[in-house]
Amino acid sequence: MRPNVSRRTFIKGSVAAGIAIKVSFLSAPAQAALVQTPPLPGPDWLKADGKPKYRLDAIAKVTGGKTFARDYRARDLENWPKQQAHAFMLHATKADRIFEGIDLSLLGDDLKPDRVVLHEDLVADDITIPGEGFYGDVFFVPKGQTARLLGQPVALLVYHDFARYDAAKRLIRFDDTVVRYGGKAPYSHPAHYGAARYVRIDGGTPDADDRYSPLKDAVIYGGFAGDEPAWPAAGEGNAMARGMAAAAQIEKEISDASNDLLVFKHKYFSQSVDASAMEADNGNVWYDASTGVLHIMMATQSPYEVAEVSASLVSKSKFHLKEVDLKVGYTVGYGTKDHSIFPFFCVLAGLYGNGRPVRLANDRYEQFQMGLKRHAFWMDNTLVVDRQTGQFRAMTGHFKNDGGGRPNFSFSVGFVGATAAQSIYYLPKSDFSAAAIASRAVDAGSTRGYGTLQSMSATEMMVDEVAEILKMDAIDLRLKNVFKSGMKNTQGAIPAGALRNEEILLKARDHPLWTNRAGKKAAFDAANPGKRYGVGYGHVQKDYGTGAESALAALEFDASGRIRFAHVAHEIGTGTTTSQAIMVGDILGRVPDETEFGKVRWPQMPLETSDEPYTMSQEDEDKHSKNPRWTPSFTSPMSATNSVYYLGHATRQAAHALVDLAIWPAAKSLWSRGIGGGSMTPYAVRREDIRLENGEVNAGGLPPLRFEAVAAEAHRLGLVTGVTVHTFNRWQWTEAEFDIPNAERVRLPVDALALKYGDGASAETRTLMTLDGWQFVDRAAVHYPPTQRNNAGVTYYAPMATLAEISVDTATGEVTLLSHHSIMECGTQVVPELVSGQIQGGIAMGIGHALKEYLPLYEDGPGDGTWNWNRYELPRSKDVAVWTQTVEILAPLSETDPPKGIAEVVMIAVVPALANAVSHAIGKRFYDLPITPEKIRGALA
């Protein structure tokens with residue numbers, strides 16, 4: 001659901017300029033240093049049940065080993081110069097004054113920088129900001145112009161040694177005489193970033209064909225008249241005009257509503273926040289002019305984009321670039337290191353380092369000043385409810401989000417929020433719109449929650465208040481309107497799989513926190529004068545994925561049974577390196593002996609892509625699909641809760657293919673040895689009977705086989721012993737058909753396949769393995785999801801509900817979280833401890849959003865460079881009910897349930913739960929987040 005910045009221009013620029021792109025991760029010897037006990041999965045890593053004793057990166061992290069990109073200096077990187085240079089930037093703190101230049105006289109001769117880089121230097125050297133406007137139009141503020149946003153850099157200062165760099169940075173910080181301004185000038189923001197509208201009217205029942213929906217008809221896109229969205233005219237013409245007619249019909253029904261309907265309207269606000277990832281943005285870049293190689297060490301969630309944009313940035317400049325060599329360490333970003341502009345400031349620093357590696361690393365002041373923020377949202381909601389039955393008849397929501405001075409993902413965040421606003425409810429009629437607004441604020445991007453935290457929190461607060469007005473139990477009202485399996489979402493799409501929100505609601509309704517809340521409130525309030533007790537409930541379902549997810553994974557084994565595994569995924573704190581290895585073990589009965597994560601060089605997969613999965617027409621996709629080596633997208637960044645399901649899909653398909661093409665036929669060969677067809681013939685054993693566990697292969701009562709013996713047999717027979725897959729998902733999986741040598745045609749949920757054959761393969765078969773020892777199998781047919789499926793908005797959901805128990809001090813306004821209980825459904829848990837960690841961390845972030853965290857958007861906000869954690873309040877252990885939090889995770893419906901992405905949903909439900917708890921405690925509703933002590937005191941005054 002997150003349209004990616006199109007990389008077609010970047011790729012074309014790179015190829016045209018003859019620039020090679022090489023991306024590598026901290027692997028091989030570096031990985032051994034990161035993960036010390038053991039360096040790779042080994043016998044002491046797993047418990048008896050096959051689950052890990054600890055994360056692969058655990059030992060290094062708790063002992064202070066080098067894991068994050070921020071830990072590395074030039075001397076730590078092989079073949080880099082050992083002398084490390086450093087850089088920092090000066091920033092504009094005014095957006096309504098003309099920038100006239102910088103005055104460094106304060107530094108004197110001793111501390112003056114070795115190089116100063118201004119906008120005019122980039123112009124002279126033919127360096128322009130890439131990305132077709134995604135990152136704005138300029139890196140630095142040009143002289144004689146106003147800043148595009150508060151905190152925009154005006155200059156880069158490079159120092160060849162740390163001592164002078166550090167002293168200069170400390171001296172200049174907070175000095176408002178260094179950046180010089182001229183006269184006043186009205187702030188002129190860029191064009192607003194986009195407006196989209198999702199209108200649906202069902203056919204009278206959930207099962208009937210929709211009269212209008214985005215999936216069936218169209219998403220409505222608008223322009224702007226000033227700061228307000230301007231929509232197409234209603235009519236009977238094209239799909240958008242018919243959509244606007246449907247919206248007008250919904251609006252008329254709301255305005256004409258009779259007294260038997262409750263029409264509830266309210267406005268809500270969700271604030272700008274900083275994600276506060278402990279690793280601030282950083283990079284270390286060395287441009288080697290003698291070889292034309294740009295060496296980069298970067299903290300990023302989107303390494304491919306960093307490499308491609310870096311090549312594009314330099315391709316037409318005076319710097320003669322031949323190759324981009326990017327290294328990526330572990331990182332944590334909560335989305336803020338996905339498609340951020342910061343890596344390209346690091347590249348600029350390296351280009352102007354005079355042959356030295358230059359490290360540009362934000363401290364916490366700088367991270368607040370220019371790190372991507374969670375979008376502020378303004379939401380204008382209406383809910384129409386039948387007063388007698390409690391049934392929802394219609395809902396509308398018109399949202400604005402402030403994207404700041406660079407577009408980034410603001411438009412996407414806006415309409416993802418709009419498509420999520422229905423939360424867990426079925427809506428017969430709905431009209432949700434989003435407008436992404438440009439402003440002088442610090443730019444906002446793909447921060448955890450991605451618009452859905454903002455919109456679903458408002459919906460849940462609204463539903464709670466409607467239940468109060470109707471004098472209904474709030475969970476009973478939810479049960480009357482819960483979104484069930486097979487129903488359509490507000491885009492007209494049927495979600496994947498079973499929706500289990502009703503089951504969660506029933507569990508929550510029976511929980512003691514809910515059933516005993518009235519009696520406990522009376523007792524608590526009487527026993528604690530000046531304090532008020534409250535319980536609140538929040539329940540959401542969050543999409544996961546982007547609608548254009550792609551991945552690569554490779555699995556192979558040698559004749560001794562050693563398993564090697566490679567994947568594009570890299571670690572950003574979710575434990576993906578652990579979970580992907582465990583997925584292999586769950587299917588093959590053994591975890592890999594060797595792993596390589598973050599693999600980028602895939603010579604066995606010579607794929608071609610235009611990388612426009614969201615904007616390509618069906619006609620163009622049909623044409624490109626005839627090329628058996630074409631794919632809509634090569635790979636995805638680490639974002640959108642995509643690790644366990646989408647990236648894991650590639651892992652699971654590679655493992656299943658290896659079982660089908662190698663393990664099963666090799667095992668059958670061993671079981672069939674001997675007179676009369678061996679031990680297998682008397683039994684009727686089928687492929688689905690095979691089980692791989694604890695290093696053994698079993699099936700239907702046949703003698704257990706050691707994995708090593710089966711592997712040796714597969715090699716002896718020359719069977720497939722290695723599988724590489726490429727996958728693509730557009731709210732459903734692509735499937736393709738392949739003609740495999742010495743086998744029948746197979747149809748797999750992948751769009752590209754490469755194979756490696758065993759030692760006993762015939763000479764003819766071995767000649768097929770021409771790509772680094774692999775054969776790329778040209779597909780015989782492919783079935784990509786239609787491009788219209790982009791309008792589905794989302795089909796994959798993970799639900800979570802939270803009950804929050806609080807007390808409010810009526811004198812101070814302080815909210816104390818006494819306990820909280822969450823109920824979640826996430827399919828099959830690959831590593832339950834990782835799920836638990838995600839829940840605990842996500843809830844803590846949600847508590848901060850609901851009660852504490854707040855950034856002013858404009859002049860008194862973080863763009864002024866004075867914000868740090870001394871001003872910005874994060875939740876601490878005392879705020880999150882560390883010892884009184886509980887969680888229940890629904891058991892999967894069967895052992896075949898896939899895992900669901902939950903990294904974002906875990907932080908959302910607690911936000912409205914806390915808002916609703918405060919209302920229960922003091923009888924006052926709040927519509928603006930966060931709910932601070934000052935707001936509570938004001939409401940009680």
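The following refers to the structure shown. Quick caveat: nothing in here was measured; it's all calculated off a predicted structure.

Considerations on the overall build of the protein
Along the protein, the regular secondary structure elements total 23 helices and 35 strands. Computed over the C-alpha atoms, the radius of gyration of the protein is 29 Å, within 12% of the 30 Å expected from 2.2 N^0.38 for a compact globule of 941 residues. The principal-axis extent of the C-alpha atoms belonging to the protein is close to 90 × 80 × 65 Å. Here the protein holds 941 residues, and the buried ones make up 62% of them. On the protein, roughly 33,700 Å² of surface is accessible, and the fraction owed to carbon and sulfur atoms is 52%. Distance between charge centres in the protein, computed from 98 positive and 109 negative side chains, equals 2 Å.

Description of the pairing of strand S2 (residues 85–91)
Among the seven residues that make up S2, seven are buried, leaving the element largely enclosed by the rest of the structure. Covered by surrounding structure in S2 are Ala85, Ala87, Met89 and His91 together with His86, Phe88 and Leu90, the residues of both alternating faces. Relative to strand S15 (residues 358–361), S2 runs parallel, the two being bridged by three bridges. When the sheet's bridge partners are listed, His86 is paired in S15 with Arg359. Two strands pair when backbone bridges link them, and S2 and strand S5 (residues 153–159) are joined in this way by six bridges, in the antiparallel orientation.

Some words on the packing of helix H10 (residues 410–420) against helix H11 (residues 452–469)
Between H10 and H11, the shortest axis-to-axis distance is 8 Å and the interhelical angle comes to 30°. Judged on the interaxial angle alone, H11 and H10 are roughly parallel. Note on packing geometry: the crossing formed by H10 with H11 is right-handed. Touching Val416, Gly417 and Ala420 of H10 are Thr452, Ser455 and Met456, all from H11. Taken together, the residues of the contact of H10 with H11 sort by class into three nonpolar, three polar and no charged.

A few points about the sheet that holds strand S20 (residues 531–543)
Strands sit in the order S20-S33-S34-S35 across an open sheet of four strands; the sheet is mixed. Every interior strand has two partners, whereas the edge strands, S20 and strand S35 (885–889), have only one. Mean inter-strand twist for the sheet, computed between neighbouring axes without regard to direction, equals 15°. Pairing geometry for strand S33 (residues 797–809) and strand S34 (residues 815–824), over nine bridges, is antiparallel. When the bridges of S34 are listed, Val808 appears paired with Val815. On top of the sheet, helix H21 (residues 832–851) reaches S33, S34 and S35; it is set at about 135° to S34, its chief contact.

Quick look at the packing of helix H7 (residues 303–314) against helix H8 (residues 342–351)
Where H7 meets H8, the axes come as close as 10 Å, and the angle between the chain directions of the two elements is 50°. In terms of their interaxial angle, H7 and H8 are classed as oblique. Crossing angle aside, the handedness with which H7 passes H8 is right-handed. The segment H7 lies against H8, with Glu305, Val306, Val309, Ser310, Leu313 and Val314 engaging Pro343, Phe344, Val347, Leu348 and Leu351. Residue classes in the contact of H7 with H8 are distributed as nine nonpolar, one polar and one charged.

Describing helix H18 (residues 643–671)
At His649, H18 shows its maximal kink, close to 40°. In terms of burial, H18 is a largely internal element, 24 of the 29 residues being buried.

Digging into the side chain of Arg359
Note on placement: Arg359 falls in strand S15. For Arg359, which is buried and forms no salt bridge, the nearest opposite charge comes from Asp71, at a distance of 7.2 Å. Engagement of the side chain of Arg359 in a polar contact is seen with the backbone oxygen of Arg70, the distance being 3.3 Å. With residues up to four places along the chain from it excluded, the contact list for Arg359 reads Arg70, Tyr72, Arg73, Gln84, Ala85, His86, Ala87, Gly283 and Asn284.

Notes on helix H5 (residues 162–172)
When H5 is considered as a whole, its buried residues turn out to be Tyr165, Ala168, Lys169 and Ile172. Down the axis, H5 shows its buried residues gathered within 100° of arc, on one side only. Exposed residues pointing more than 90 degrees away from the buried face of H5 are listed as Ala163 and Arg170. Where H5 is buried, its residues meet S2, S5, S15 and helix H9 (364–370). Two residues or fewer after H5 comes Phe174, characterised by a positive phi angle close to 70°.

Looking at the sheet that holds strand S10 (residues 261–270)
Note on sheets: strands pair through backbone hydrogen bonds, and any given pair is parallel or antiparallel. Strand order in the open sheet formed by seven strands is S9-S8-S7-S19-S18-S17-S10, and the pairing between neighbours is mixed. At either end of the open sheet lies a strand with only one pairing partner, and these are strand S9 (228–230) and S10. For this sheet, the mean angle separating the axes of adjacent strands, direction not counted, is 20°. The pairing of S10 with strand S17 (residues 376–386) spans 10 bridges and is classified as antiparallel. In the strand pairing of S17, Phe264 is matched with Leu383.

A closer look at the pairing of strand S22 (residues 563–567)
Among the five residues in S22, four count as buried, and that is most of the element. Relative to S22, strand S21 (residues 549–557) is paired through five bridges, and the arrangement is antiparallel. The residue bridging Leu555 from the neighbouring strand is Phe565, located in S22. Between S21 and S22, which pair antiparallel in sequence order, lie five residues; one of them, Gly561, sits at a positive phi of approximately 95°.

Here's the deal with the pattern of salt bridges
By the definition in use, this model includes 59 salt bridges. Across the pair Glu708 and Arg590 runs a salt bridge, and its minimum N-O distance is 3.3 Å. Note that Glu708 is positioned in helix H19 (residues 707–717) and Arg590 in the loop between helix H16 (576–588) and strand S23 (594–597), a separation of 118 residues in sequence. Under the relative-accessibility criterion, Glu708 is labelled partly exposed at 30%. Look at the salt bridges and you will find they share partners, linking Glu460, Asp464, Glu468, Arg478 and Arg925 into a network.

As for the packing of aromatic side chains
Scanning all chains against the criterion turns up 39 aromatic pairs. Ring geometry for Phe524 versus Tyr533: centroids 5.5 Å apart, planes at 45°, classification tilted. The exposure classification of Phe524 matches that of Tyr533, with both residues buried. By the ring-pair criterion, three or more aromatic residues cluster together here, those being Tyr544, Tyr645, Tyr646, Trp731, Trp733 and Tyr796. When the ring centre of Tyr181 is taken as origin, the NZ or CZ atom of Lys94, which lies over that ring, is 5.9 Å away.

Re the nonpolar core
One finds Phe139 and Leu351 to be the most contacted residues of the largest nonpolar core, which totals 149 residues. Element by element, the count of residues in this core is highest for helix H22 (residues 910–922), at nine residues. Listed in part, the 76 residues of the second largest apolar core include Val600, Trp664, Val697 and Ala736.

What counts and how
- Along every chain, residues carry numbers that run from 1 in the direction the sequence is written.
- With the structure being a predicted model, the display of local features is reserved for residues of pLDDT at least 70 and the display and counting of side-chain atom pairs for 80 or more, all residues being used for whole-chain, interface and lining totals.
- For the side-chain quantities, the full set of heavy atoms in the structure was used; hydrogens and water were omitted.
- The secondary structure listing takes helices from DSSP runs of H or I that are at least 4 residues long and strands from runs of E that are at least 2 residues long, numbered from the N terminus.
- Radius of gyration here uses only the C-alpha atoms, and the compact-globule reference equals 2.2 Å multiplied by the residue count raised to the power 0.38.
- Exposure is judged per residue with a 1.4 Å probe applied to protein chains only, and the accessible area is read against the type maximum: over 50% gives exposed, under 20% gives buried, and values in between give partly exposed.
- Residue-level accessible areas treat just the shown protein chains as cover; the underlying method is Shrake-Rupley with a 1.4 Å probe.
- The charged-residue count follows a simple rule in which Lys and Arg add positive charge and Asp and Glu add negative charge, with His and chain termini not counted at all.
- Working definition for charges: the position is that of NZ of Lys, CZ of Arg, CG of Asp or CD of Glu.
- Paired strands are those between which DSSP finds at least two bridges.
- As a rule, the C-alpha atoms of each element are fitted with a line to give its axis, helices using only the stretch in contact, and angles between N-to-C directions run from 0 to 180 degrees.
- Here the angle decides the label: under 35 degrees means roughly parallel, over 145 means roughly antiparallel, 65 to 115 means roughly perpendicular, and every other value means oblique.
- If you view the pair so one helix is near and one far, a crossing is left-handed when the near helix is turned anticlockwise from the far one by less than a right angle, and right-handed when it is turned clockwise.
- Any two residues whose heavy atoms approach within 4.5 Å are treated as being in contact.
- Gly counts as polar in this scheme, as do all residues outside two lists: the nonpolar Ala, Val, Leu, Ile, Met, Phe, Trp, Tyr, Cys and Pro, and the charged Asp, Glu, Lys and Arg.
- In this scheme, the bend at a residue equals the angle between the axes fitted to the seven residues that finish there and the seven that begin there.
- Counted as salt bridges are all cases of a side-chain nitrogen of Lys or Arg within 4 Å of a carboxyl oxygen of Asp or Glu.
- Distance and chemistry together define a polar contact, namely a pair of N or O atoms within 3.5 Å, with one atom able to donate a hydrogen and the other to accept it when in protein, and with adjacent residues in sequence counting only for side-chain atoms on both sides.
- Here, the arc refers to the directions that run from the helix axis to the C-beta atoms.
- Centre distance within 6.5 Å is the pairing criterion for rings of Phe, Tyr and Trp, where only the six-membered ring of Trp is used; planes under 30 degrees apart are then read as stacked, over 60 as edge-to-face, and the remainder as tilted.
- Geometrically, a charge over a ring is one whose NZ (Lys) or CZ (Arg) sits within 6 Å of the ring centre while staying within 35 degrees of the ring normal.
- Take the buried residues of types Ala, Val, Leu, Ile, Met, Phe, Trp, Tyr and Cys, join any two whose side-chain atoms come within 4.5 Å, and each joined set is a nonpolar core.

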